[in-house]
Amino acid sequence: MTLQQLKYVIEVARSRSISHAAQNLFISQPSLSNAIKELEKEMGITIFSRTNKGISITQDGSEFLSYARQVVEQADLLENRYADTQPKQQHFSVSAQHYAFAVSAFVRLLKDYDREEYEFTLRETRTYEIIADVKNLRSEIGVLYLNAFNKKVISKFLREGDLVFHELFVAKPHVFISSSNPLATRDYVTLADLDPYPYLSYEQGDYNSFYFSEEILSTLSRPKNIKVSDRATLFNLLIGLNGYTISTGVISHKLNSKDIIAVPLKVDERIHVGYITHKHVTNSRLAEIYIDYLRESIDEGLRQIQL
């Protein structure tokens, strides 16, 4: 086993494709495939399952990758400490539901990461894809929520993917509305108050189950419904159509328009927001820093709610 083989495996896992990894590594596809097969034979495990649709990481492969990443990171630290070389390009990926505090933490991480080269990815995406991204090591961190309704189903997917949920905070439900909405001056609103207004929610694609909804109370029937795929569109419709959506109430006015406000929703529900990680993968230094910034961004948002 060589350090180069470990780097090959990590790049294939990141690229999700042998051909793309070979291009990124500047080697031929057959050479890369042979190097991985030799490593699998030496270790006595299958790291990648190969199908007509591409590759996927096996359970043994996920565990092996966690160790491989640690070895490569330690080797880079040694090289940077004792060799006259430039720091290697760093990679970091996050997949998240559409939370402003997740974006705010990502921005802070990038501002503090003073390097000439890096490749960071933030995917605001669907709930099922967040779980799949962390399971398949496409992202180190996934940000989503659990509540009494979805916890049993989501937890099952997490267990099957060897994933762990780490709670960040528990939120009382709020509605996001325009500051010009007639309900904006209320101390709180009820579900009945919201009936005249369009309800905005994030579509979930092929996994459009109530359990994967980004909004609580997803099973309720509403007279006016609009599905969107991105946060900018949702906020524009909140303002343009006097619509509403249900979330944690934590919003970043540094990143989002002050025309959007949060009003408490009078329901007996709680939203448990957290992040997921892979059981067999040790958090990188960048992941730990991002988690710290997540907590700080959430604390700032919660203080705004209390003002």
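Remember, predicted model here, so these are calculated numbers, not experimental data.

**Q** How would you sum up helix α1 (residues 3–15)? Please name residues and give values.
**A** Spacing of three or four residues puts side chains on the same side of an α-helix, whose turn is 3.6 residues. With 13 residues, α1 should cover 18 Å at 1.5 Å per step; its first-to-last C-alpha distance of 18 Å lies within 8% of that length. Those residues of α1 not exposed but buried are Q5, L6, Y8, V9, I10, E11, V12, A13 and S15.

**Q** Before we move on, can you summarise the sheet that holds strand β11 (residues 260–264) with the specific residues and values?
**A** Taken together, three strands build an open sheet; the order of strands is β10-β7-β11 and the sheet is antiparallel. Looking along the sheet, the strands with just one partner apiece sit at the ends: β10 (245–247) and β11. Within the sheet, the average angular offset between the axes of one strand and its neighbour, ignoring direction, is 40°. With three bridges joining them, strand β7 (residues 174–178) and β10 adopt antiparallel strand pairing. Residue pairing across strands places H174 opposite S247, the latter belonging to β10. Helix-sheet contacts for helix α9 (residues 231–240) involve β7, β10 and β11, and the interaxial angle to β7 is about 65°.

**Q** Explain the pairing of strand β5 (residues 141–146) residue by residue, including any values.
**A** By the criterion of burial, β5 is predominantly enclosed, with six of the six residues buried. Of the two faces of β5, the one carrying I141, V143 and Y145 and the one carrying G142, L144 and L146 are both buried. Bridging between strand β3 (residues 90–96) and β5 involves three bridges; their strand directions are parallel. Its bridge partner lying in β5, S95 is registered against G142. The pairing of β5 with strand β12 (residues 271–278) spans five bridges and is antiparallel. When the bridges of β12 are listed, G142 appears paired with I276.

**Q** Outline the UniProt feature "domain: HTH lysR-type" (unreviewed entry) in the protein, listing residues and values.
**A** Those residues carrying the UniProt feature "domain: HTH lysR-type" (unreviewed entry) are residues 1–58 in this numbering. Annotated as residues 1–58, this span is 62% helix and 14% strand, and its ends, taken at the C-alpha atoms, are 19 Å apart.

**Q** Run through the nonpolar core, naming residues and quoting values.
**A** With 43 residues, the main nonpolar core has F92, F101, I141, V143, V175 and Y290 as its most contacted residues. Elements with a minimum of two residues in this core: β3, α5 (100–112), β5, β6 (163–171), β7, β12 and α10 (285–306). Here the element with the most residues in this core is α10; it accounts for seven residues. Sequence-distant contacts of F92, defined by excluding residues within four places in its chain, comprise F106, L109, E119, F120, T121, E140, I141, S284, L286, A287 and Y290. Counting residues in each nonpolar core, the second largest holds 23 residues, with L6, Y8, V9 and I10 among its members.

**Q** Residue-level account of the sheet that holds β6, with values.
**A** Pairing within the open sheet is mixed, and its five strands lie in the order β4-β3-β5-β12-β6. Looking at which strands have only one partner, the edges of the open sheet turn out to be β4 (118–124) and β6. Neighbour-to-neighbour, the strand axes of the sheet open up by a mean angle of 20°, direction not taken into account. Across seven bridges, the pairing between β3 and β4 is parallel. Bridging from a neighbouring strand, Q90 pairs with Y118 of β4. The strands touched by helix α6 (residues 127–135) within the sheet are β3, β4, β5, β6 and β12, with β5 carrying the most contacts at an inclination of about 140°.

**Q** How would you summarise the side chain of S15 if you had to cite specific residues and measurements?
**A** Examined against the element boundaries, S15 turns out to sit in helix α1. Those residues within four positions of S15 in sequence are excluded, and the remaining contacts are H20, A21 and N24.

Rules used in this analysis
- Residues numbered from 1 in each chain as written.
- Predicted model: local features only at pLDDT ≥ 70, side-chain atom pairs only at ≥ 80, totals over all residues.
- Heavy atoms only, no water.
- Helix = DSSP H or I, 4+ residues; strand = E, 2+ residues; numbered from the N terminus.
- Expected span 1.5 Å × (residues − 1).
- Buried < 20%, exposed > 50% of the residue type's maximum accessible area, 1.4 Å probe, protein only.
- Pairing = 2+ DSSP bridges.
- Axes fitted to C-alpha atoms, helices over the stretch in contact; angles between N-to-C directions.
- Contact = heavy atoms within 4.5 Å.
- UniProt positions renumbered as here; feature names shortened; annotations may be inferred.
- Core = buried A, V, L, I, M, F, W, Y, C linked by side-chain atoms within 4.5 Å.

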